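Geometric and topological summary
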Amino acid sequence: MELPFSESYKIKVVETIRKSTRQEREQWIKEAGYNLFNLKSDQVFIDLLTDSGTGAMSDRQWAELMKGDESYAGASSYYKLKAAIKDILGFEYFLPTHQGRAAENVLFSTLIKEGHKIPGNAHFDTTKGHIEFRKATAVDCTIDEAYVVEQEHPFKGNLDLNKLEKVLKENGAENVPMIIVTLTCNTSGGQPVSLKNMREVRALADTYGVKIVYDSARFAENAYFIKLREEGYGDRSIREIVSEMFSYADAMTMSSKKDAIVNMGGFIAMKDKELFKAATTYNIMFEGFITYGGMSGRDMNALAQGLYEGTEFEYLQTRIKQVEYLGAKLDEYGIRYQRPVGGHAIFVDALQILPNVPREQFPAQTLGVELYLEAGIRGVEIGTLLADRDPVTRENRYPELEFLRLAIPRRVYTNNHMDVVAAALKNVFDRKDTITSGYKIIYEAPIMRHFTVELEKV
Ligand SMILES: *Cc1c(COP(=O)(O)O)cnc(C)c1O
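The paragraphs below set out a description of the structure included in this document. Since this is a predicted model, take the numbers as computed values, not measurements.

Re unusual backbone geometry
Of note, the amide linkage connecting Leu 183 to Thr 184 takes the cis form, showing an omega dihedral of -25 degrees. Of note, Thr 184 is situated in the loop between strand 5 (178–182) and helix 7 (195–208). Of the consecutive residues Arg 339 and Pro 340, the connecting peptide bond is found in the cis state with omega at -15 degrees. Secondary-structure assignment places Pro 340 in the loop between helix 12 (313–332) and strand 9 (345–349). Positive phi, normally seen in glycine, also occurs at Phe 362, with a value near 60 degrees. Mapped onto the secondary structure, Phe 362 falls in the loop between helix 13 (350–353) and helix 14 (363–375). Taking relative accessible area as the criterion, Phe 362 reaches 2% and is therefore assigned buried. Positioned with a positive phi, Arg 394 is a non-glycine residue whose angle comes to about 65 degrees.

A short note on the site of the ligand
Surveying the vicinity of the ligand reveals 15 residues, the closest of which are Gln 99, Gly 100, Arg 101, Ser 255 and Lys 258. With respect to the ligand, the backbone of Gly 100 contributes an N or O atom lying 2.8 Å from an oxygen atom. For the ligand, an oxygen atom lies 2.7 Å from a polar atom in the side chain of Lys 258. Within the complex, 98% of the 380 Å² of free accessible area of the ligand lies under protein. For the shell around the ligand, the secondary-structure elements that each account for two or more residues are helix 4 (100–111) and helix 5 (125–133). Broken down by element, the shell around the ligand gets its largest block of residues, 3 residues, from helix 4.

Details of the nonpolar core
Core analysis: the largest hydrophobic core is formed by 59 residues, its most contacted members being Leu 89, Ile 179, Tyr 214 and Met 245. Here this core spans two domains, and each of domain 1 (22–51 + 313–457) and domain 2 (59–310) adds at least three residues to it. Ranked by size, the runner-up nonpolar core spans 32 residues in total, among them Leu 367, Ile 377, Tyr 413 and Ala 424.

What about the packing of aromatic side chains?
Applying the stated criterion across every chain, the model contains 15 aromatic pairs. Look at Tyr 72 and Tyr 292: their rings are 4.9 Å apart centre to centre, the planes differ by 70 degrees, and that puts the pair in the edge-to-face class. One end of the pair, Tyr 72, is in the loop between helix 2 (59–66) and helix 3 (76–89); the other, Tyr 292, is in the loop between helix 10 (273–286) and helix 11 (297–310), and 220 residues separate them in sequence. The class of Tyr 292 is partly exposed, set by a relative accessible area of 21%. A centroid spacing of 4.9 Å and a plane angle of 80 degrees characterise the contact between Tyr 78 and Tyr 79, whose relative ring orientation is edge-to-face.

A word on the pattern of salt bridges
Within this structure, the stated rule accounts for 36 salt bridges. Note that Asp 144 is salt-bridged to Lys 163, the shortest N-O span being 2.8 Å. Placement of Asp 144 in the loop between strand 4 (137–140) and helix 6 (161–171) and of Lys 163 in helix 6 is noted, with a sequence separation of 19 residues between them. In this structure, the salt-bridge partner of Glu 244 is Arg 236, at a minimum N-O distance of 3.7 Å. Glu 244 sits in the buried class, given a relative accessible area of 15%. Connected through salt bridges with shared partners, the residues Asp 51, Arg 218, Glu 221, Asp 259, Arg 319 and Arg 410 form a single ionic network.

Describing the sheet that holds strand 9
Taking strand neighbours across the sheet as the criterion, the 3 strands line up as 9-12-11 in an open arrangement whose pairing is antiparallel. One side of each edge strand has no neighbouring strand; the edge strands of this open sheet are strand 9 and strand 11 (380–382). This sheet shows a mean twist of 35 degrees between the axes of neighbouring strands, independent of strand direction. Running at roughly 45 degrees to strand 12 (residues 403–407), helix 14 makes contact with strand 9, strand 11 and strand 12 of the sheet.

Concerning the packing of helix 4 against helix 10
Interaxial distance between helix 4 and helix 10 falls to 9 Å at its minimum, and their mutual angle equals 125 degrees. Between helix 4 and helix 10, the interaxial angle falls into the category oblique. Remark: the crossing between helix 4 and helix 10 carries right-handed chirality. Residue-level contacts link Asn 105, Val 106, Leu 107, Ser 109, Thr 110 and Leu 111 of helix 4 to Leu 275, Ala 278, Ala 279, Tyr 282, Asn 283 and Phe 286 of helix 10. For the contact of helix 4 with helix 10, the per-class residue count stands at 8 nonpolar, 4 polar and no charged.

Section: the pairing of strand 4
Bridge count between strand 3 (residues 117–120) and strand 4: 4 bridges; the pairing is parallel. For Lys 117, the partnering residue across the bridge sits in strand 4 and is Thr 137.

The rules we used
- Residues numbered from 1 in each chain as written.
- Predicted model: local features only at pLDDT ≥ 70, side-chain atom pairs only at ≥ 80, totals over all residues.
- Heavy atoms only, no water.
- Helix = DSSP H or I, 4+ residues; strand = E, 2+ residues; numbered from the N terminus.
- Buried < 20%, exposed > 50% of the residue type's maximum accessible area, 1.4 Å probe, protein only.
- Near = heavy atom within 4 Å.
- Polar contact = N/O pair within 3.5 Å; in protein donor to acceptor, adjacent residues only side chain to side chain.
- Areas by Shrake-Rupley, 256 points an atom, 1.4 Å probe, with all protein chains shown as cover.
- Core = buried A, V, L, I, M, F, W, Y, C linked by side-chain atoms within 4.5 Å.
- Domains from an automatic or database assignment.
- Phe/Tyr/Trp six-rings, centres within 6.5 Å; stacked < 30°, edge-to-face > 60°.
- Salt bridge = Lys/Arg side-chain N within 4 Å of Asp/Glu carboxyl O.
- Pairing = 2+ DSSP bridges.
- Axes fitted to C-alpha atoms, helices over the stretch in contact; angles between N-to-C directions.
- Contact = heavy atoms within 4.5 Å.
- Parallel < 35°, antiparallel > 145°, perpendicular 65-115°, else oblique.
- Left-handed = near helix turned anticlockwise from the far one by under 90°.
- Nonpolar A, V, L, I, M, F, W, Y, C, P; charged D, E, K, R; others polar.

Given below as structure tokens:
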């Protein structure tokens, strides 16, 4: 018989996790203001809040920590990371930062001014936050198919070239400092962008003389999908695909906590020396000197190693097959989610599971609380709370979809854990008729409210 698929690693160290009672969880989530971010981690059994910085480092990455060079300037760890970035991503210049949003802060300080328009494919929340903080506007140019949950499309992260060209034409290069292509597109469900689309965006950017920046947190997962789904790339290695992807970008920001499988870290990389010089000033001001920028030497070492491991086919296959495994379980239970399954997460359609909770009472957040109460599983709302208020009118922005995102940390949980997640969701789904109300806001911050919002049962 054909041998079944199995993981491309074995386990060397384990960490105990603890189950709790429903009664305990009811108390804890109330104390947390019904905000899952406010829970203590030991109040959570299976933590799918995020795949960011929550992955398991390998024995080789831990070994790299020991070899870290903590010199203030010119550390070997910096040069090791610089070489890995050149080798895998092809960029000549780079600046370390403490994480992805810091990379955005530095690069955007260099390039974005008040009134600018920044087109892209459904900008990530911190990216949008950094744009709006500078009184510029993020314009979503994702293809319409991305917003049809049930529709199978191999590259739901793609940019709609007509939407993009309209922004470029109406505003001109002087008001559009960059196009941001997010790989994979988190906000639309961890969906990939095709190489064809990247090439077309490059051509359009060249016509108008606009820079392209890749928001690259999950670039390797994006490359995996290209290998599997895009015609002509089946025989290419992940590294070859990655190399072509980045050949169409002028610069990139990276949250290394995702596809580089480290707990903390980020960087900016670019081809242009002048841009590097301009960004350096801000990096020194906000992050640290050029050769460490908010990272310790050991962490730069582990990151360099993580870039190599994160772009190995067997690793990526193990990872994405686990996400698909959870998706297949949900199919079995008739639970709807953004199709096809994304690279790092399943985006569950909260409007299907809780059809009786009004939009203004945050159905996806309500589902997140219910799933926590059911089995101590923590997901995160990707819906109206996250979409925040319109910066001008201050009205709630209602996105087309309300998702509960279940993000899978890298190399952390087994498929038995995925079985528990699927069963718990099914139990919530089974009692949907009894869940008819959600939550109202009692405190919110003026920007990126979802992190600190406090809620009350309606
Ligand atoms: C995580 C992420 C960021 C922000 O990075 P942090 O390391 O969390 O600061 C930016 N863009 C995308 C696409 C991300 O996934």
